[in-house]
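# Analysis of the macromolecular model
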Amino acid sequence: GAGVSQSPSNKVTEKGKDVELRCDPISGHTALYWYRQSLGQGLEFLIYFQGNSAPDKSGLPSDRFSAERTGGSVSTLTIQRTQQEDSAVYLCASSDRRGYQPQHFGDGTRLSIL
Amino acid sequence: RKEVEQDPGPFNVPEGATVAFNCTYSNSASQSFFWYRQDCRKEPKLLMSVYSSGNEDGRFTAQLNRASQYISLLIRDSKLSDSATYLCVVLRSQGNLIFGKGTKLSVKP
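The notes below deal with the structure included here. (Residues numbered from 1 in each chain as written. Chains lettered and ligands numbered in written order. Predicted model: local features only at pLDDT ≥ 70, side-chain atom pairs only at ≥ 80, totals over all residues. Heavy atoms only, no water.)

### Examining the packing of aromatic side chains
Each pair of aromatic rings is reported with the distance of its centres and the angle of its planes. In plain terms, the rule: Between 30 and 60 degrees the pair is tilted, below 30 it is stacked and above 60 it is edge-to-face, where a pair is any two Phe, Tyr or Trp rings, Trp via its six-membered ring, whose centres lie within 6.5 Å. Counting from the N terminus, the helices are the DSSP runs of H or I reaching at least four residues and the strands are the DSSP runs of E reaching at least two. The classification of residues rests on relative accessible area computed with a 1.4 Å probe and restricted to protein chains. Under 20% of the type maximum is buried, over 50% is exposed, and intermediate values are partly exposed.
Tallied over the full model, the rule gives eleven aromatic pairs over all chains. Geometrically, the ring pair formed by A:Tyr33 and A:Tyr48 is stacked, given 4.7 Å between the ring centres and 5° between the ring planes. In this pair, A:Tyr33 sits in strand S4 (residues 31-37) while A:Tyr48 sits in strand S5 (residues 43-50), placing the two residues 15 residues apart along the sequence. Across the pair, exposure class does not vary: A:Tyr33 and A:Tyr48 are buried alike. Site record: aromatic cluster; members linked through ring pairs are A:Tyr33, A:Tyr35, A:Phe45, A:Tyr48, A:Phe105, B:Tyr36 and B:Phe99.

Here it is as structure tokens:
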């Protein structure tokens, strides 16, 4: 079946612009996670959605970052007023319940801020 | 102190060698533990869970020591295809995963 789908696969934008990254999880998966991975670095947790519960936003690095998950399915990660340090690969993962393994990862969005 | 710490490597080993990776975690309330594998420029994929009693999957053995807050992964009879970055992963009680930065393994012919 279809895996986790992310779009766009690559995004290049100028510093100061806003960007939206999309994640379409595996159908039926209630848990959705966003991570980012900078070059040569590990995965950094950003935000976690579980069903209709309030999201865990504890990993968001600043108030320029926000995420929504509409209808318990598709999620959008928005970065406002982008900075060069926001350049990274943004990975989305889903699982069929809270904390359940494995988390299935999308291919990621490679974001480059000029 | 980082919540999950690993030796970044790289570990360069010949085919057939046995190699071990270690990982420490700082939050004693951590619930579950995993090893993920990430190939270059690819997404991470679950390799195996880590159980308190230790568990084995083919050539791979994972161990957990809760008292020392220490996790290990042993790979026997290394193959070229084992070359990757191995991520130590801890599940927080809140349900989100914390990833280590990974240990890079390169298996040479």
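Structure shown, so let's carry the discussion forward.
### Focus on the interface of chain B and chain A
Formally: Contact criterion: two residues are considered in contact whenever any of their non-hydrogen atoms come within 4.5 Å of each other. Buried area is a sum: the accessible area each of two parts loses on coming together, probed at 1.4 Å, counted once for each and added. Note on definitions: salt bridges are taken to be side-chain nitrogens of Lys or Arg within 4 Å of carboxyl oxygens of Asp or Glu. Residues adjacent in sequence count toward polar contacts only when both atoms are side-chain atoms; beyond that, a polar contact is any pair of N or O atoms within 3.5 Å, and within protein one must be able to donate a hydrogen and the other to accept it.
Contacts between the two partners involve 19 residues from chain B and, on the opposite side, 20 residues from chain A. Between chain B and chain A, roughly 1500 Å² of surface is buried when both sides are summed, and carbon and sulfur atoms account for 52% of that area. The interface formed by chain B and chain A contains zero salt bridges. In this assembly, chain B and chain A are joined by two residue pairs in polar contact (both at pLDDT 80 or more).

### Structural notes on the side chain of B:Gln6
All names here are of chain B. Positionally, glutamine 6 belongs in strand S1 (residues 4-6). At a separation of 2.8 Å, a polar atom in the side chain of glutamine 6 contacts the main-chain amide nitrogen of cysteine 88. Side-chain polar atoms of glutamine 6 contact the backbone nitrogen of glycine 102, separated by 3.1 Å.

### Quick look at the sheet that holds strand S7 (residues 60-65) of chain B
All names here are of chain B. Here is the rule we go by: Being paired, for any two strands, means DSSP has found at least two bridges between them. Lines fitted to C-alpha atoms define the axes, with helix axes restricted to the stretch in contact, and inter-axis angles between N-to-C directions lie between 0 and 180 degrees.
In spatial order, the strands read S1-S3-S8-S7-S6; together these five strands make up an open sheet with antiparallel pairing. Each of the sheet's edge strands pairs with one partner strand only, and the pair in question is S1 and strand S6 (55-57). Strand-to-strand twist across the sheet, computed as the mean angle between neighbouring axes with direction ignored, equals 20°. Bridge count between S7 and strand S8 (residues 70-75): six bridges; the pairing is antiparallel.

### Focus on the nonpolar core
Our working definition: Here the nonpolar core consists of buried residues drawn from Ala, Val, Leu, Ile, Met, Phe, Trp, Tyr and Cys, with membership extended through side-chain atoms lying within 4.5 Å.
Membership of the largest hydrophobic core comes to 41 residues, with the highest contact counts inside it found for A:Tyr35, B:Trp35, B:Ile71, B:Tyr86 and B:Phe99. At seven residues, strand S9 (residues 84-91) of chain B tops the list of elements feeding residues into this core. Counting residues in hydrophobic clusters, the runner-up holds 20 residues, among them A:Val4, A:Val19, A:Ile47 and A:Phe65.

### Some points on the pattern of salt bridges
Under the defined criterion, the tally for this structure stands at seven salt bridges over all chains. Among the salt bridges present, the one from A:Arg64 reaches A:Asp86, with a minimum N-O distance of 2.8 Å. Taken as a pair, A:Arg64 in the loop between S5 and strand S6 (65-69) and A:Asp86 in the loop between strand S7 (75-79) and strand S8 (88-95) lie far apart in primary sequence, 22 residues in all. Residue classification places A:Asp86 among the buried positions, given a relative accessible area of 2%. A salt bridge links B:Lys79 to B:Asp77; its shortest N-O distance comes to 3.0 Å. With a relative accessible area of 37%, B:Asp77 lands in the partly exposed category.

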